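Observations on the three-dimensional arrangement
Listed below, chain by chain, are the residues.
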Amino acid sequence: MKSSKKMLLASQNMNYGASRSAWRSNPYHYMNSDSLVNAAKWSEKGKFQFVFIADHPAVREDLTFHAPSATIDPIVITSQIIRETEKIGVVLTQSTTFNHPYNVARQLKALDVLSKGRIGWNAVTTNDPRIAANYGEEIADRKNRYEQANEFIQIVQALWGSWGESALKLDTEKGIFADGSQVKPINLQGKYVSSRGPLPIPPSRQGQPIIFQAGGGQEGLELAGMYASGVYSVASDIETGREHRTNLDRITQAVGRKADEVKMFMGLFVTVGNSYEDALNRRKEMLSSMADELPDKVYHLSSIVGVPITFSNLHQSLPEEIQSRLVPNPYQLHSKRAVELLKKGLTVYDVLAHGVTDFHHTVLGSPEQIADEMQEIFEAGACDGFGIVVDRTHDGLPAFVQKVIPILQKRGLFHEDYEGSTLRDHLGVPYQYGRINL
């Protein structure tokens, strides 16, 4: 029986992949525009609604052994992608903490016009002191960061709407480029940010870029409820996904918007194999290239299951006596899954290969098994779709597109083709131009 509701998919594959060792199999991907564009083209071939580009403008890892965890620059990469693709959207991250509203509004609206309405903005507050240091500043407290984010987003939206929707004339006979009376300054002054405006950019096919939000906590929910059409959730299972969805619906409706105006995405790390054993071996092979990180991963595993696990246990199953004392940590991601896998008798190494110490939920197995798990999460109401991060972009993304997407389509869970040309069309969210009137 085919599903009536279709899931939405984002492709978060503008770097090497979810595995920290993935760079070793395609080392030039990070700095090769052809390779980056190729990943976007594979995503478009798979009919993903959009490419998602995270951003961390700081060195966060030891570059002796690890590649940077973010793209070179989201704006630059997006400008490459939109020239080489036709339908797929691009959602890129820009901070509300270390930017000026005018710069963000101008760059994103320009990309939106040039892409014919395919751009989204993942608006984030920044709390990493390494990023702050790059801008010669310090991290403000959470309350101030989110107050600034509210002002920042309002000003950006106002700037996007500062060029009247019908102002562009292009009347060559009369020599009238635009109706200047419809292009007006916004003159907004806040506690943290301000701008005069206007922007010299007309509307795109979708009006203006779509706003996404990826922060957690009450402040993040409130920001999403007020402004966002998409949310990148930190939920990692059905229970946490449903809870996030319920809280998001409540806040969205409280400010006068419809709950289905905001689409929620759950991040998934994906490894596609011919079978479960094949996929697990692929992950174990990649894990073997990260020997320097294994002690920390074992320590992390201990913290989420409530018993001490030593490095000497790495290639052993835990004794039954220790298994009986395993307790999932309610404040740690993947703790329930880690306990479940250890109680099945898997070795500590095999449990680590399942990604229980990673940020997002890891799905591995045959194409059918991956589709089964995605279907279960989706139909349980834990999300509207997924942000897919394959283990290695260069071969994992084609495998997902060629092997998993057709199964989802056959089951009626995912669309066969793009229904429109803009990102708003792809997501099914309302048209907007300028600030939301709440």
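First, a word on what this report is: a plain description of the structure on this page. Please read all numbers here as calculations on a predicted model, not as lab measurements.

Regarding the environment of A158
For A158, the location among the structural elements is in helix α5 (residues 142-160). Once the C-alpha coordinates of A158 and G387 are considered, the two residues, 229 residues apart in sequence, prove to be 29 Å apart. Not counting chain neighbours up to four residues away, the residues in contact with A158 comprise I186, L188 and R435.

Focus on the packing of aromatic side chains
Taken as a whole, this structure holds 10 aromatic pairs when the rule is applied. Ring centres 5.2 Å apart and planes at 80° place the aromatic pair F50 and F265 in the edge-to-face group. Note that F50 is positioned in strand β2 (residues 50-53) and F265 in strand β11 (residues 263-272), a separation of 215 residues in sequence. With relative accessibility at 0%, the residue F265 sits in the buried group. Seen from their ring centres, W121 and F152 are 6.0 Å apart, and the 50° between their planes marks the pair as tilted. With W121 in strand β4 (residues 119-124) and F152 in helix α5, this residue pair connects regions lying 31 residues apart in the sequence. The burial state of W121 is the same as that of F152; both residues are buried. Clustering of aromatic rings is evident, with ring pairs tying together F50, F212 and F265.

Focus on the nonpolar core
Grouped together as the largest cluster of nonpolar side chains are 74 residues, with contacts concentrated most on L9, W121, M374, F386, I388 and F400. The leading source of residues in this core is α5, at 9 residues. Once residues within four sequence positions are removed from consideration, F400 is found in contact with L9, F48, V270, V272, I370, M374, I388, V390 and I405.

Basis of the calculations
- Residues numbered from 1 in each chain as written.
- Predicted model: local features only at pLDDT ≥ 70, side-chain atom pairs only at ≥ 80, totals over all residues.
- Heavy atoms only, no water.
- Helix = DSSP H or I, 4+ residues; strand = E, 2+ residues; numbered from the N terminus.
- Contact = heavy atoms within 4.5 Å.
- Phe/Tyr/Trp six-rings, centres within 6.5 Å; stacked < 30°, edge-to-face > 60°.
- Buried < 20%, exposed > 50% of the residue type's maximum accessible area, 1.4 Å probe, protein only.
- Core = buried A, V, L, I, M, F, W, Y, C linked by side-chain atoms within 4.5 Å.

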